[in-house]
Amino acid sequence: MLKKILILSFRNPFNYGAELQVFSLGKKLRMLGYDAEVLNLARPSFDIDAKPSKLLKMSYNDTFKARWKEKIRFCKRRLFWALNHKRSALKKRNSNEFHARYNCFTKHRYRNFDELYVADLGYTHYIVGSDQVWNFEYPFSLDPYFLSFVKNGKKIAYAASIGHSELPESQKEYYRKHLQSFDTISMRELQGSAIVSELLGKPVETMLDPTILITPEEWCEIFNIEDKPNDSIVVYLRSYRPYTIQLAKEMARRHGIKKIVYICSEVTYAFKDPEVDYRFDVSAPEFVSLFANASFVITNSFHGTAFAVNLGRRFFTVVNDRMKTSSRFYSLLEQTGLLDRICKEGTPLETVVDNTIRHEDVRAKTDALRAISIKFLQDALC
């Protein structure tokens with residue numbers, strides 16, 4: 001019987017990691033010969049065409065105060081996008097063109113969760129992941145992301161992420177109930193695997209982020225990326241931190257690199273520095289191209305780290321004590337033997353140790369992890 005697969009994950013025109021991970025899983029499955037598409041779902045509190053669910057409630061922090069705080073955040077986000085409408089429109093246009101050309105979404109767009117529960121979907125397999133699909137702090141119900149709308153078909157979690165190293169006590173029974181309904185589960189972080197393993201009383205494997213399922217050579221082929229080193233440091237930040245720019249300038253000085261390119265995902269932030277090429281207009285394919293040809297990468301993003309590792313770039317991942325989701329970085333870098341590429345924000349620049357990366361060893365570890373992850377998917381889809 002032909003296996004027809006539906007993927008449930010996130011897309012976000014303002015987040016290159018979200019855009020590329022939701023593309024990567026479907027792309028890899030199609031490369032392996034499966035018929036796979038991504039659920040075209042409007043995300044509550046984010047997509048302007050999303051409608052509230054009448055059936056589902058949040059399981060965490062569902063209070064009057066929390067709901068109003070989220071409404072205020074939603075309105076502020078819309079206001080920022082409106083005030084920066086040209087940049088916002090460019091980001092959205094880039095996203096739409098990217099997915100129209102490279103991705104495969106369902107033709108029907110589901111504008112709220114309730115539509116899913118009455119739809120006759122007819123897939124043989126349903127995959128949730130990757131990204132933080134099980135983050136309890138989201139301001140909407142996680143029920144659909146536990147695939148509770150599935151009536152028939154196998155339920156698979158691939159490299160799902162909770163985004164935190166601990167689960168609140170109040171959420172454990174809710175998670176356990178939903179997790180028990182899955183046929184196969186894998187997590188993206190070692191900490192997430194430990195949490196789910198404890199809840200279910202059985203081992204849970206850790207798999208690679210979907211962006212790493214695609215080899216460097218495959219990325220270059222997919223986006224027609226030429227091998228043209230650009231003698232630049234690429235800085236990619238999910239949130240602007242002055243220290244990261246200072247670190248980039250220090251690495252440029254040490255290595256004689258002439259150019260710093262700052263890829264910004266924050267449309268509301270106007271950055272000015274004569275020494276830095278500020279880019280908010282980068283498309284997803286160009287993002288990968290800039291990484292593939294960079295001499296050095298500085299990032300505080302998980303997917304910035306994932307692409308630096310996968311594409312064999314010299315890099316630093318900058319973390320700080322305020323990051324709630326830093327376990328993501330440590331998990332990936334522990335698996336690939338690159339924990340020394342973590343730089344604590346505020347470390348005096350002159351004391352930052354930039355050891356040589358043994359790229360051959362990293363590639364061997366990544367290839368081995370990639371083979372395990374692909375076999376997990378193939379076994380789960382049997």
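Anything mentioned here points back to the structure above.
Just so we're clear, the structure is a prediction, and the values are computed from it rather than from any experiment.

Description of the overall build of the protein chain
Here is step 1 of the chain: Helix and strand counts for the protein chain stand at 13 helices and 12 strands.
Here is step 2 of the chain: By its C-alpha atoms, the protein chain is 60 × 45 × 40 Å across when sized along the principal axes.
Here is step 3 of the chain: Taken across its 382 residues, the protein chain has 58% of its residues classed as buried.
Here is step 4 of the chain: Accessible area of the protein chain: about 17,200 Å², with a carbon and sulfur share of 51%.
Here is step 5 of the chain: Taking the 57 positively charged and 45 negatively charged side chains of the protein chain as two groups, their mean positions are separated by 5 Å.

Digging into the packing of aromatic side chains
Here is step 1 of the chain: Within the structure shown, the criterion is met by 34 aromatic pairs.
Here is step 2 of the chain: Between the aromatic rings of F10 and Y145, the centroid separation amounts to 5.1 Å while the plane-to-plane angle is 55°, which identifies the pairing as tilted. One end of the pair, F10, is in the loop between β1 (4-8) and α1 (16-31); the other, Y145, is in the loop between β3 (125-128) and β4 (154-160), and 135 residues separate them in sequence. Each member of the pair, F10 as well as Y145, is classed as buried.
Here is step 3 of the chain: Ring centres of F296 and F316 lie 5.9 Å apart, and the angle between their planes is 40°; this geometry places the pair in the tilted category. In this pair, F296 is assigned in strand β10 (residues 296-299) and F316 in strand β11 (residues 315-319), connecting sequence segments 20 residues apart. A single burial state applies to F296 and to F316, both of which are buried.
Here is step 4 of the chain: Among the aromatic side chains, those forming a connected cluster through ring pairs are Y16, F23, F98, Y102, W219, F223, Y236, F287, F291 and F307.
Here is step 5 of the chain: Over the face of the ring belonging to F10 we find R43, whose NZ or CZ atom lies 4.4 Å from the ring centre.
Here is step 6 of the chain: Seen from the ring of F329, R328 lies directly overhead, with NZ or CZ sitting 5.6 Å from the centre.

Here we look at the sheet that holds β3
Here is step 1 of the chain: Taken in spatial order, the 6 strands of this open sheet run β2-β1-β3-β4-β5-β6, and their pairing is parallel. The two strands at the open ends of the sheet, each matched to only one other strand, are β2 (35-38) and β6 (205-206).
Here is step 2 of the chain: Across 3 bridges, β4 lies against strand β5 (residues 184-187) in parallel orientation. By the bridge assignment, A157 is partnered in β5 with I185.
Here is step 3 of the chain: Set on the sheet, helix α6 (residues 190-200) makes contact with β5 and β6; between it and β5 the angle comes to about 145°.
Here is step 4 of the chain: Those strands touched by helix α13 (residues 359-380) are β3, β4, β5 and β6, and its axis lies near 170° from that of β4.

Description of the nonpolar core
Here is step 1 of the chain: Ranked by size, the top nonpolar core spans 61 residues in total, and within it L29, Y158, F223, I263 and F287 carry the most contacts.
Here is step 2 of the chain: If sequence neighbours within four positions are ignored, F287 has contacts with Y16, L20, Y236, I263, V282 and F307.
Here is step 3 of the chain: Of all hydrophobic cores here, the second largest spans 41 residues; its members include W134, F140, L147 and I195.

A word on the pattern of salt bridges
Here is step 1 of the chain: Under the counting rule described, the total for this entry stands at 26 salt bridges.
Here is step 2 of the chain: Residues E275 and K249 are paired through a salt bridge, measuring 3.6 Å at the closest nitrogen-oxygen approach. Here the residue E275 occupies a position in the loop between β8 (259-264) and β9 (277-279), and K249 occupies one in helix α9 (residues 242-255), the gap between them amounting to 26 residues.
Here is step 3 of the chain: The exposure class assigned to E275 is exposed, which follows from its relative accessible area of 52%.
Here is step 4 of the chain: Relative accessible area serves as the criterion here: at 26%, K249 is assigned to the partly exposed category.
Here is step 5 of the chain: One salt-bridge network, held together by shared partners, links D47, D49, R109 and R111.

Overview of the sheet that holds strand β12 (residues 342-344)
Here is step 1 of the chain: If you trace the 6 strands from one edge of the open sheet to the other, you get β9-β8-β7-β10-β11-β12, paired in parallel fashion. Of all strands in the sheet, those bounded by a partner on one side alone are β9 and β12. The average angle at which neighbouring strand axes cross in this sheet is 20°, direction not considered.
Here is step 2 of the chain: Two elements, β8 and β9, share 3 bridges in a ladder whose sense is parallel. By the bridge assignment for β9, I263 is matched with R279.
Here is step 3 of the chain: On the sheet, helix α11 (residues 302-310) packs against β7 (232-237), β10 and β11 and is oriented at approximately 160° with respect to β11.

Criteria and cut-off values
Residues numbered from 1 in each chain as written. Predicted model: local features only at pLDDT ≥ 70, side-chain atom pairs only at ≥ 80, totals over all residues. Heavy atoms only, no water. Helix = DSSP H or I, 4+ residues; strand = E, 2+ residues; numbered from the N terminus. Buried < 20%, exposed > 50% of the residue type's maximum accessible area, 1.4 Å probe, protein only. Areas by Shrake-Rupley, 256 points an atom, 1.4 Å probe, with all protein chains shown as cover. Lys, Arg positive; Asp, Glu negative; His and termini not counted. Charge placed at Lys NZ, Arg CZ, Asp CG, Glu CD. Phe/Tyr/Trp six-rings, centres within 6.5 Å; stacked < 30°, edge-to-face > 60°. Lys NZ or Arg CZ within 6 Å of the ring centre and 35° of its normal. Pairing = 2+ DSSP bridges. Contact = heavy atoms within 4.5 Å. Axes fitted to C-alpha atoms, helices over the stretch in contact; angles between N-to-C directions. Core = buried A, V, L, I, M, F, W, Y, C linked by side-chain atoms within 4.5 Å. Salt bridge = Lys/Arg side-chain N within 4 Å of Asp/Glu carboxyl O.

So far we have only geometry, and geometry alone does not tell us how the molecule works.
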